[in-house]
Amino acid sequence: MAQPNGTNGHANGTKPSDPIPATHLLASFAANAQTSQLTPALRTKVKEVLLDFIGVTVGALTHADSTLPILTAITALQGPTVTKASPGVCTVLAHGEPRFLKQYAGLLNAALGHSLDFDDTYAPGTLHAGVTSISAALAEAESLANEGRAPSADEVMLAISVAYEVTCRLGRELGYEAYSRGFHNTSTAGIFGSIAALAVLRHLDTRTVEMAFGLAGSKAAGSMQYLDNGSWNKRLHPGFAVHDAFMCVALAEAGVVGASRILEGTSGFLKAYTPNENVDLGRLVRGLGEKWEWLGSSLKPYPACRMTHAFIELSGNLQAARAKSSGVSPDEIESVGLRMSPANYILVGDPTPNKRHPTNVIDAQFSAYFQVAHSLLYGAKTGDMSPYSRLEDPAIHQLTDKISAQTDKSMSGFGAKMSVQWRDGQSDSKEQQFPLGETQHPFTRDKVEEKFMALAVPVYGEAKSSQIVQAVDSLEEMSILQLSKLLR
């Protein structure tokens, strides 16, 4: 693990009784990261998640009704004095010439990247790490390049890797338990990862990163109340995290003092944001820079809550088998039974009216009823956004009324069990522990490109989309300004 930089003794605010100065060690990890730490596995993974991020972000232009209102609001907030001719402005993907200050470009890219709930996930932390990590890194890298201090492609890849690692490790300690306290791990952990990305690119020392982390303890946020009405808060959460990361770093660089021991302190982040009784500070920092936990992140084949993915795949397989003969209609199905962990049931299985019969995209994304019914009737296709054009489909609503969900305390993670009783007397019982995309059930490279092209071609066109694939594959040969120009 990298050694601390610029601090000694208890200058960082730790006390002799503190068993593990987790804040200091994470700050030191970000401050001392070196491109020599980039392994072939990290390089491959960065390219995979970057391509996926580009696809899901530009996909919001054609598939998310929140895109225009969010863009309009942030444009107004930035004000008329910042234009395309202003120095240092940064790119928002697929929005033409750069015209946003870096904090707003980061906000918009992160918000758009999360708008379809199609961005990569890290199962142990129940969060999306890429949307904050990559948005922060790209905006800062482009801003530095505009100042004549362009980071190398390796430095950008390192910043993305370090940001993912900080976010994922914090998410793992928050655990799913944080959701019961009403917090969204993607943004609460994501602000710290975003700061880590900026730290790598700006070559901040450990003390400055600690202060930025300390300030972030007063900015970390993301309320799960969005589930009540399928609101757009969720889409904005990572955008707020990235924006506020820029603010915290600017304040810390100016000498503003942030809280010490913000992660492990008695009123710190891991006390306030999760009731998890198994928080382990040793696990949080063990192997930093040597064991990259974020490599376990997975891409999402379907634009829905990860907790529904195994159900979607199982249902799609049943639909495909039946479609070879006569296809599937609601009248052919007597009943469908779903079983899932108690934690997953809270988010996707509770039979509230807005889950059984969702009327907006977010409610449908968090409905095992809708996702199973749609997949049984229409199949499951990688990169397919068509489910949300069928929110009023009477066949889907007829079938959701035949679906029941139960908790199973023996189940964990994203596992799924389902049984279908057909009217012809046949029955099917299926189960799956790992959804498609996890390391135990990998999302192959051809599927990565298939998903990207499905989302990017309607925005960029086929030729430019193919060019982006080639550019990401040869990322080491690209400058950040070349990449930014290609993504406009």
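Above this note sits the structure.
Residues numbered from 1 in each chain as written. Predicted model: local features only at pLDDT ≥ 70, side-chain atom pairs only at ≥ 80, totals over all residues. Heavy atoms only, no water.

Student: Could you clarify how one ought to interpret the overall build of the chain in this entry?
Tutor: The secondary structure content of the chain amounts to 21 helices and four strands. Taking 23 Å as the expected radius of gyration for a compact globule of 488 residues, we find that the chain reaches 22 Å, a close match to that expectation. Taking all 488 residues of the chain together, the buried fraction comes to 62%. Sequence-distant contacts, at least 24 apart, represent 78% of the contacts inside the chain between residues at least 6 apart. Of the accessible surface of the chain, which amounts to about 18,100 Å², a share of 51% is contributed by carbon and sulfur atoms. Averaging the locations of the 41 positively and 48 negatively charged side chains of the chain gives two centres separated by 2 Å. (Helix = DSSP H or I, 4+ residues; strand = E, 2+ residues; numbered from the N terminus. Rg over C-alpha atoms; globule rule 2.2 N^0.38 Å. Buried < 20%, exposed > 50% of the residue type's maximum accessible area, 1.4 Å probe, protein only. Contact = heavy atoms within 4.5 Å. Areas by Shrake-Rupley, 256 points an atom, 1.4 Å probe, with all protein chains shown as cover. Lys, Arg positive; Asp, Glu negative; His and termini not counted. Charge placed at Lys NZ, Arg CZ, Asp CG, Glu CD.)

Student: When you look at the pattern of salt bridges in this model, what are you seeing that I'm missing?
Tutor: A side chain of one charge can pair with a side chain of the opposite charge if their charged atoms are brought near each other. Summed over the entire model, instances satisfying the criterion amount to 27 salt bridges. A salt bridge links Asp-117 to Lys-234; the nearest nitrogen and oxygen atoms lie 3.4 Å apart. Here Lys-234 lies in helix α10 (residues 233-253) and Asp-117 lies in the loop between α4 (102-114) and α5 (130-146), a separation of 117 residues in the sequence. For the pair Asp-117 and Lys-234, one class covers both residues: buried. Linking Arg-172 and Glu-293 is a salt bridge whose minimum nitrogen-to-oxygen distance equals 3.4 Å. In this pair, Arg-172 sits in helix α6 (residues 153-174) while Glu-293 sits in the loop between α12 (281-285) and α13 (309-323), placing the two residues 121 residues apart along the sequence. Assigned by exposure class, Arg-172 and Glu-293 land together as buried. Through salt bridges with shared partners, a single network forms among Arg-43, Lys-47, Asp-154 and Glu-476. (Salt bridge = Lys/Arg side-chain N within 4 Å of Asp/Glu carboxyl O.)

Student: In this structure, what is going on with the packing of aromatic side chains? I would like to understand it.
Tutor: For any two aromatic rings, the description comes down to two numbers: the centre-to-centre distance and the angle of the planes. A full pass over the atoms with the stated rule returns nine aromatic pairs. Between Tyr-226 and Phe-366, the ring centres sit 6.0 Å apart and the planes meet at 70 degrees, which makes this aromatic pair edge-to-face. Within this pair, whereas Tyr-226 is found in the loop between α9 (206-216) and α10, its partner Phe-366 is found in the loop between α16 (361-365) and α17 (368-378), the two being separated by 140 residues in sequence. Of the two residues examined, Tyr-226 and Phe-366, each falls in the buried class. Three or more aromatic residues link up through ring pairs in this structure, and these residues are Phe-183, Phe-192, Phe-213, Phe-269 and Tyr-273. The ring of Trp-422 has Arg-322 sitting right over it, with the charged end atom 3.7 Å from the ring centre. Between the NZ or CZ atom of Lys-451 and the centre of the ring of Phe-118, over which it lies, the distance is 4.1 Å. (Phe/Tyr/Trp six-rings, centres within 6.5 Å; stacked < 30°, edge-to-face > 60°. Lys NZ or Arg CZ within 6 Å of the ring centre and 35° of its normal.)

Student: Where do I start with the pairing of strand β1 (residues 333-340) in this structure?
Tutor: For a regular strand, side-chain orientation follows a simple rule: the groups alternate between the two sheet faces. As defined by bridge partners, β1 adjoins strand β3 (residues 416-422) across six bridges and the pair is classed as antiparallel. Each bridged residue has a counterpart across the sheet, and for Ser-335 the counterpart in β3 is Gln-421. Two elements, β1 and strand β2 (residues 403-407), share five bridges in a ladder whose sense is parallel. Among the inter-strand pairings, Met-340 is bridged to a residue of β2, identified as Thr-407. (Pairing = 2+ DSSP bridges.)

Student: Can you help me understand helix α8 (residues 185-202) in this one?
Tutor: Note: α-helices contain 3.6 residues per turn, so residues at a spacing of three or four share the same orientation. A rise of 1.5 Å per residue sets the reference length of α8, with its 18 residues, at 26 Å; its end C-alpha atoms lie 26 Å apart and thus fit the reference within 8%. In α8, a bend of some 35 degrees at Ile-191 exceeds every other bend along the element. Among the 18 residues of α8, 17 are classified as buried, and the element is accordingly described as predominantly covered. Just downstream of α8, His-203 is the residue with a positive phi angle, here 55 degrees. (Expected span 1.5 Å × (residues − 1). Bend = angle between axes of the 7 residues up to and from the residue.)

Student: Could you clarify how one ought to interpret the packing of α8 against α10 in this entry?
Tutor: Each pair of packed helices gets described by two things: the angle between the helix axes and the distance between those axes. Where α8 meets α10, the closest approach of the two axes is 8 Å, and the angle between their N-to-C directions is 45 degrees. Judged by the angle between their axes, α8 and α10 are oblique. Of the two elements, α8 crosses α10, and the hand of that crossing is right-handed. Across from Thr-186, Ser-187, Gly-190, Ile-191, Ser-194, Ile-195, Leu-198 and Arg-202 in α8, the residues of α10 making contact are His-237, Pro-238, Ala-241, Val-242, Asp-244, Ala-245, Phe-246, Cys-248, Val-249 and Glu-253. Its residues assigned to classes, the contact of α8 with α10 shows ten nonpolar, five polar and three charged. (Axes fitted to C-alpha atoms, helices over the stretch in contact; angles between N-to-C directions. Parallel < 35°, antiparallel > 145°, perpendicular 65-115°, else oblique. Left-handed = near helix turned anticlockwise from the far one by under 90°. Nonpolar A, V, L, I, M, F, W, Y, C, P; charged D, E, K, R; others polar.)

Student: Can you help me understand the packing of helix α1 (residues 22-31) against α9 in this one?
Tutor: Axis separation between α1 and α9 bottoms out at 8 Å; the angle between their running directions is 125 degrees. Comparing the axis directions of α1 and α9 gives the class oblique. Taken as a pair, α1 and α9 cross one another with a handedness that is right-handed. Every residue of α9 that contacts α1 at Thr-23, His-24, Leu-26, Ala-27, Ser-28 and Ala-31 is listed here: Thr-206, Val-209, Glu-210 and Phe-213.

Student: I would appreciate a short explanation of the sheet that holds β2 in the present structure.
Tutor: The strands making up a sheet are joined through hydrogen bonds of the backbone, oriented either antiparallel or parallel. Spatially, β2-β1-β3-β4 is the arrangement adopted by the four strands of the open sheet, whose pairing is mixed. The open sheet is flanked by β2 and β4 (427-432), the only strands paired with a single partner. Neighbour to neighbour, the strand axes of the sheet diverge by 15 degrees on average, direction disregarded. Its contacts with the sheet put α13 on β1, β3 and β4, and the angle it makes with β3 is roughly 30 degrees. The strands touched by α17 are β1, β2 and β3; relative to β1, the strand with the most contacts, the crossing angle is about 130 degrees.

Student: What am I meant to see in the state of the cysteines here?
Tutor: Formally, a disulfide is one covalent bond, and it connects the sulfur atom of one cysteine to the sulfur atom of another. Enumeration over the complete set of coordinates arrives at zero disulfides. This cysteine, Cys-168, is not joined by any disulfide, and Cys-305 carries the nearest cysteine sulfur, 17 Å off. (Disulfide = S-S within 2.5 Å.)

Student: It is not clear to me how the pairing of β3 should be interpreted in this structure. Could you clarify?
Tutor: Taking every second residue as pointing to the same face, the buried face of β3 carries Ala-416, Met-418, Val-420 and Trp-422, while none of Lys-417, Ser-419 and Gln-421 on the other face is buried. In this structure, β3 lies alongside β4, joined through six bridges in antiparallel fashion. Along β4, the bridge assignment pairs Ala-416 with Gln-432. In sequence, β3 turns back onto β4 through a hairpin of four residues, with Gly-425 there showing a positive phi of about 95 degrees.

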